[in-house]
Every structure is written in C-alpha cells, then in structure tokens.
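The chain contents come next:
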Amino acid sequence: MRRGRGPTSRRNGRDFQRDIRTMRPPATAIIVGAGVVGVSTAYALARRGVEVTLVERHGEPAMETSRANGAQLSYLYTDALASPGLLTQLPRLALGLVPAFRMRARLDPGYLRWIAAFLANCTQKRFRSNTLGVLLLALESRAAMDELIDLHRLDFGYRKAGKMHVYRSERSWKAAQAVAAMKAGPGVAQVVLSPAEAVTREPALEWSAPGIRGVLYSPDEAVGDPHRFAHAMRDLLVGRYGVKCAFRQTVERLHIDTDKAVAMCADGAEMVADIVIDCSGADGGKLLRQLGIVLPIMPMKGYSFTASATAASPSISITDVDARIVFTRLRERVRVAGLADLGNADRAVDPQRLEALLAGARESMPKGAAFERAEAFWAGLRPMTPDAQPRIARPHPRLAYNLGHGVLGWTLAMGSAERLARLLVPEHQALSTKEEL
C-alpha cells in the first residue's frame, strides 16, 4: 500500500484545498459517533447517495450527551457563553459563588489555552459575531428539521411548543432586550412580554411571576426527545437509506492515506471507506490529535432529571436564564436540565450537583413538576468551544469532522450535518424531494 501524506504533513494548506476541490464526492463514509449529530450527518450524506457506516461504542444510539439533555430545539437562543456580562462575573465564578456555573481549576496547557481563548471572546464585538454566526446555523437547522419532518414520519415527541426566556434581574433583562434587537431579522420571531402578559400566555408562570422582570417569547421554537430522535433516525437510515450500523465498536485510531481512510477498532477490526468523519461529541478531538489536529473543545458537564407533569406544569418551554435551568414538556412528563461545570470530564452523576439542580428547579417553578417523584437522573458532557462555534471542516480529502456544538447540539444537529454534507457532496448531486418520496 502506497502511503500518502496525511493531515500531519507540512504541505501548504492550499494544496489540501486543491485536493478537496478536485476529488470526486466520497462514495463511502464512516461516521464515528451515533448521537444526534452523528445520525443527522449520516442522514445528510445517505440522502445524497453516499454509502454510510455509522460506528458507535455503545449498543444503541444517543447513550451519552444526546440521551437526556434539555430537549429544547432553541433555534433563537444562540447567545454565546463568552460575553462581556460573564466577564464581570469571573471573580465570583473563580470563588465558586455561582451555583449554576462552576469552572474546575486545572493546570494543564490545553485547559489554560482554552480559557485564554474564551476570555478573548468576551468582547462585545466577538459576542455579537459569535451569537449571530450560531443563529445563522440554527436557522439552517430549523429548515432542515422542518424538511425532515415533512418527508418522514418520525415519532420523537416533536411539537412547536414555543419558548419563554424568563429574566429575574433588571440587568439581565435589559441585556436580553438588547441582544434580541441585535438578532432581529427574517425568521426571528421574538416578543417582549411583561410578567402579566407572560402569565396570560403560560399560566404555569403564575407561581414564579413575583420574581420575574420580563420575558422573551419565541412562538416558533420546538421540543423533541433527542434519544427517541436518534433511535427513529437509526431505523430510518437502516430501513430506507441502507446505512450500516456497527454498535459496540470503539474506534481507537484512524489511518488516513491518499486513497482511503481506515478506522481501527479496539477489537482489532478495521473499517475502510473513502472518508471518515468524527462526530464523537465531547470525545471529539481525541482521534484527531493522533493526526496532529488539535481542536479547542472543552467538556462542560450538565445535568437533567425527568418528572411527572402536574396540572401546573408549563406547556410552553421555559428557560430560567439567571438560574440556567430549562423546563421542557414531553407529553405527560417534564424534562428539567441545567448547571454548567466547565472542565469536568467525569460522566458520573454527582449527587450534590443533582440536588442543586432539584433545589434550583423548585425555587424557579415550585409547581412546575412532581419534583418529589423525579427520576431518570442524567449527566452529560457538552463539547464547548471558546467562541460557541461548532467545528465543521474537511481538513484532508479523507477526513472530516462535525464537533463542538456546546449546549446546542440537539438544536444545531440537522443544520451542521447539512453544512458538512455540502462540503463533501456538491449540492446539485443531492437527492431531490421528489426522488426521496
């Protein structure tokens, strides 16, 4: 086998771009990771005629960060975490005085570089650029999700529930209105509501109204269970598009050659395709680092639980912005998610942090769910980038990645999949709607 120059080569980047432009679209692809981003990427490529193999270390799709996240498709809430407002909170964050957001102190160079890049993005100019950049991708994702639902009947509890962002401090409320004005444009429907107006639209807020300063209402936002989505997509991909699934397979190394890509698994198996695509979420970058590609992805641990709905549970999705807690109605149940532990890569559920989430939820919406019967406790790692922008790229003709979606993986999955697919397959070669039907 003739060995070619891989991503670690010192050739000029323009040469790689020239290779990509002159290459034919890949006929076969291996996708590493079967969370919502992985299955969405498989769909975007399979419908363009690419033969896809989906590789996942667990026995089924969406068993990690996609398993039980907040379940909100928040297409308009794309505010970058790095902001001037957060910068002013750094002393309190460093001292652990903000229960909802913790920064784990680490001295390794990668973490320190990430923090430095994050702080550099806390300017007003970069906050605006990052927020609007993700908003554009989110709107693309909404369009892609609408198209998927029009084409295929998938059962994952999808509904356009609308969403309310609840603000409890005058400072955060004023900042939110400024950001909403910044986002104003085609496809962005947000309404400023007083506490009384918000209660009229969502009576469940009556129990929280005394502490609310204002509400941003986005009537077109949606909800859906990401775990059920990934399973429904798996069935669709296999049954309709001929996608192959390799579950309980852990990819440990990649070999990139001039004429093929090889995924080497822990059990000794080797999978070969025209291109391999890393969609491994919070683990994103581990395989790439072996090839000399270092992405600024840092895990940020979050928590959720699910409880039975009550007569006072909200129908509209609620985000308590100051508490960093979301409430999502999934039929007869309510998903509550929140907290942010930056730099914590431990996937185990921390009982103390979970108790903090329960306490915060009770304080935010005392009658929002049957908290005494909370179950399905979960912890997941969101793959954060310093600028909130996902990393979607093809650095080599045989290698691509779709990583770093942060807290918006479920929201951005369909749009980022389409962006990556357009890098690999010219748009004119995509299957038309009529062909799919």
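Our subject is the structure that appears above.
Residues numbered from 1 in each chain as written. Predicted model: local features only at pLDDT ≥ 70, side-chain atom pairs only at ≥ 80, totals over all residues. Heavy atoms only, no water.

**Here's the deal with helix H9 (residues 226–241)**
- Within the span of H9, buried status applies to Pro 226, His 227, Phe 229, Ala 230, His 231, Ala 232, Met 233, Arg 234, Leu 236, Leu 237 and Tyr 241.
- Between a side-chain oxygen at the N-terminus of H9 and the backbone nitrogen of His 227 the separation is 2.9 Å; the capping residue is Asp 225. (Buried < 20%, exposed > 50% of the residue type's maximum accessible area, 1.4 Å probe, protein only. Helix = DSSP H or I, 4+ residues; strand = E, 2+ residues; numbered from the N terminus. Polar contact = N/O pair within 3.5 Å; in protein donor to acceptor, adjacent residues only side chain to side chain.)

**Some thoughts on the side chain of Thr 306**
- By the element assignment, Thr 306 lies in strand S14 (residues 298–308).
- What makes Thr 306 buried here is its relative accessible area of 6%.
- A distance of 2.9 Å separates the side chain of Thr 306 from the side chain of Arg 335, its partner in a polar contact.
- Beyond its immediate chain neighbours, meaning those up to four positions away, Thr 306 contacts Arg 333, Val 334, Arg 335, Arg 373, Ala 374, Glu 375 and Ala 376. (Contact = heavy atoms within 4.5 Å.)

**Re empty space enclosed by the protein**
- Applying the stated criterion across every chain yields a total of one cavity of 30 Å³ or more.
- Of the pockets and cavities examined, the largest cavity occupies roughly 30 Å³.
- What lines the largest cavity is simply Leu 76, Tyr 77, Asp 79, His 165, Tyr 167, Ala 176, Val 179, Ala 180, Lys 183, Gln 190 and Leu 216.
- Where the lining of the largest cavity is concerned, the elements lending two or more residues are strand S5 (163–167) and helix H7 (170–183).
- The element contributing the most residues to the lining of the largest cavity is H7, with four residues.
- Tallied by class, the residues present in the lining of the largest cavity amount to seven nonpolar, two polar and two charged. (1 Å grid on protein atoms, 1.4 Å probe; cavity = no way out; pocket = protein on both sides within 12 Å on 5 of 7 lines; lining within 4 Å. Points joined across faces, edges and corners; volume = space filled by probe spheres on them. Nonpolar A, V, L, I, M, F, W, Y, C, P; charged D, E, K, R; others polar.)

**A few points about the packing of aromatic side chains**
- Tallied over the entire structure, the rule returns eight aromatic pairs.
- Both rings, one in Phe 156 and one in Phe 229, keep their centres 5.1 Å apart while their planes meet at 75 degrees; by these two values the pair is edge-to-face. Residue Phe 156 is located in the loop between helix H6 (124–151) and S5, and its partner Phe 229 is located in helix H9; the two are separated by 73 residues in the primary sequence. Each of the two residues, Phe 156 as well as Phe 229, counts as buried.
- Ring plane angle 75 degrees and centroid distance 6.0 Å describe the contact between Phe 156 and Trp 410, whose orientation is recorded as edge-to-face. Here Phe 156 is found in the loop between H6 and S5, whereas its partner Trp 410 is found in helix H12 (residues 409–424), with 254 residues between them in sequence. Just as Phe 156 is buried, Trp 410 falls in that class too.
- For Lys 367, the ring lying beneath its charged end belongs to Trp 207, and the centroid distance is 3.7 Å. (Phe/Tyr/Trp six-rings, centres within 6.5 Å; stacked < 30°, edge-to-face > 60°. Lys NZ or Arg CZ within 6 Å of the ring centre and 35° of its normal.)

**Description of the nonpolar core**
- Ranked by internal contacts, the top residues of the largest apolar core, which has 50 residues, are Tyr 43, Leu 45, Met 145, Leu 148, Phe 229 and Ile 277.
- Mapped onto this core, the elements with two or more residues apiece are strand S1 (28–32), helix H2 (36–46), strand S2 (51–56), H6, H9, strand S13 (275–278) and H12. (Core = buried A, V, L, I, M, F, W, Y, C linked by side-chain atoms within 4.5 Å.)

**Quick look at H2**
- Most of H2 is tucked away, with 11 of its 11 residues classed as buried.
- Turning to H2, its buried residues number three or more, namely Val 36, Val 37, Gly 38, Val 39, Ser 40, Thr 41, Ala 42, Tyr 43, Ala 44, Leu 45 and Ala 46.

**Notes on unusual backbone geometry**
- Not every positive phi belongs to a glycine, and Arg 248 is a case in point at roughly 55 degrees.
- Along the chain, Arg 248 falls in the loop between strand S9 (244–247) and strand S10 (251–256).
- In this model, Arg 324 sits at a positive phi of 55 degrees, which is unusual for a non-glycine residue.

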